[in-house]
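# Close look at the chain arrangement
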Amino acid sequence: MRAVVQTVGRASVTVDGEVVGAIADGLLVLLGVTHADTRATADTMARKVHELRILDDERSAADAGAPLLVVSQFTLYGDARKGRRPSWGAAAPAEVAEPLVTAFVEALRGRGAEVSTGRFRAHMLVESVNVGPRTVLLEL
């Protein structure tokens, strides 16, 4: 599992002209799932993201009560080492990835986090105003 975590002043996801998820002053989490990931992986990643000390004064979303916007992002497993057209072979198929993205979100909510999401398998417009900018790649 991979997560790109960014501090944002605001972020939103729009699908078909409708805002389906939005936050202010929190973390935008782009989440990719690979074939070997499990529910345990999702739980561990949720803990790491929630406790990541990336906010002002080395605080985490858990410390600050900051909201998170989680967006599924299979392209985090794109491989373009052999040319200009990425291969997506390392990304889990949607049938595997969707329940694990849901498990990740549920694990965050179980920790008391306020979580908004994008929409799986939809063409999403993701907007963000990055703060810092501070961006971290986490991988399990």
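Structure: above.
This section reports on the structure supplied with the text. (Residues numbered from 1 in each chain as written. Predicted model: local features only at pLDDT ≥ 70, side-chain atom pairs only at ≥ 80, totals over all residues. Heavy atoms only, no water.)

Before going further, it helps to spend a moment on the overall build of the protein. Within the protein one finds three helices and five strands. Going from the N terminus to the C terminus, the protein shows its helices and strands as β-β-α-α-β-α-β-β. In the protein, buried positions account for 41% of the 140 residues. Considering only residue pairs separated by 6 or more positions, the protein has 75% of its internal contacts joining residues 24 or more positions apart. Accessible surface, the protein: about 7600 Å² in total, of which carbon and sulfur atoms supply 48%. (Helix = DSSP H or I, 4+ residues; strand = E, 2+ residues; numbered from the N terminus. Buried < 20%, exposed > 50% of the residue type's maximum accessible area, 1.4 Å probe, protein only. Contact = heavy atoms within 4.5 Å. Areas by Shrake-Rupley, 256 points an atom, 1.4 Å probe, with all protein chains shown as cover.)

Bringing the pairing of strand 2 (residues 18-32) into the picture now. Here strand 1 (residues 2-15) runs beside strand 2; their pairing, made up of 13 bridges, is antiparallel. From the neighbouring strand, Val13 faces strand 2, where its bridge partner is Gly21. Two successive antiparallel strands, strand 1 and strand 2, enclose a turn made up of two residues, where Asp16 displays a positive phi of approximately 50 degrees. Pairing between strand 2 and strand 3 (residues 68-72): five bridges, direction parallel. Bridge pairing in strand 3 links Leu28 to Leu69. (Pairing = 2+ DSSP bridges.)

The subject of this paragraph is the pattern of salt bridges. Applying the stated criterion across every chain yields a total of eight salt bridges. With a closest N to O distance of 3.5 Å, Arg39 and Glu106 form a salt bridge. Of this pair, Arg39 sits in helix 1 (residues 39-51) while Glu106 is found in helix 3 (residues 94-110), placing the two residues 67 residues apart along the sequence. Looking at Arg39, the relative accessible area reads 47%, which means it is partly exposed. Residue Arg53 is joined to Asp63 by a salt bridge in which the shortest nitrogen-to-oxygen separation is 2.6 Å. Of this pair, Arg53 sits in the loop between helix 1 and helix 2 (61-64) while Asp63 sits in helix 2; the two residues are ten residues apart in sequence, bridging distant segments of the chain. It is possible to trace a salt-bridge network through shared partners that takes in Arg47, Glu51 and Arg111. (Salt bridge = Lys/Arg side-chain N within 4 Å of Asp/Glu carboxyl O.)

Sheet architecture is open: five strands sit in the order 4-3-2-1-5, paired in mixed fashion. With one partner strand each, in any of the chains shown, strand 4 (115-117) and strand 5 (125-139) form the two edges of the open sheet. Averaged over all pairs of adjacent strands, the angle between strand axes in this sheet comes to 35 degrees, irrespective of strand direction. One ladder, built from eleven bridges, connects strand 1 with strand 5; its direction is antiparallel. (Axes fitted to C-alpha atoms, helices over the stretch in contact; angles between N-to-C directions.)

For helix 3, which comprises 17 residues, the first-to-last C-alpha distance of 24 Å matches the rise-based estimate of 24 Å (1.5 Å per residue) to within 8%. Summarising the contacts, the buried residues of helix 3 are in contact with strand 2, helix 1, strand 3 and strand 4. (Expected span 1.5 Å × (residues − 1).)

We now examine unusual backbone geometry. Following Gly132, the chain continues into Pro133 via a peptide bond in cis, with omega recorded as -5 degrees. When you line up the elements, Pro133 lands in strand 5. One non-glycine residue, Arg121, lies in the positive phi region at around 65 degrees.

Right, let's get into the side chain of Thr41. As for its placement among the helices and strands, Thr41 is situated in helix 1. Relative accessible area serves as the criterion here: at 15%, Thr41 is assigned to the buried category. Contacts of Thr41, omitting those with residues within four sequence positions, involve Met1 and Leu140.

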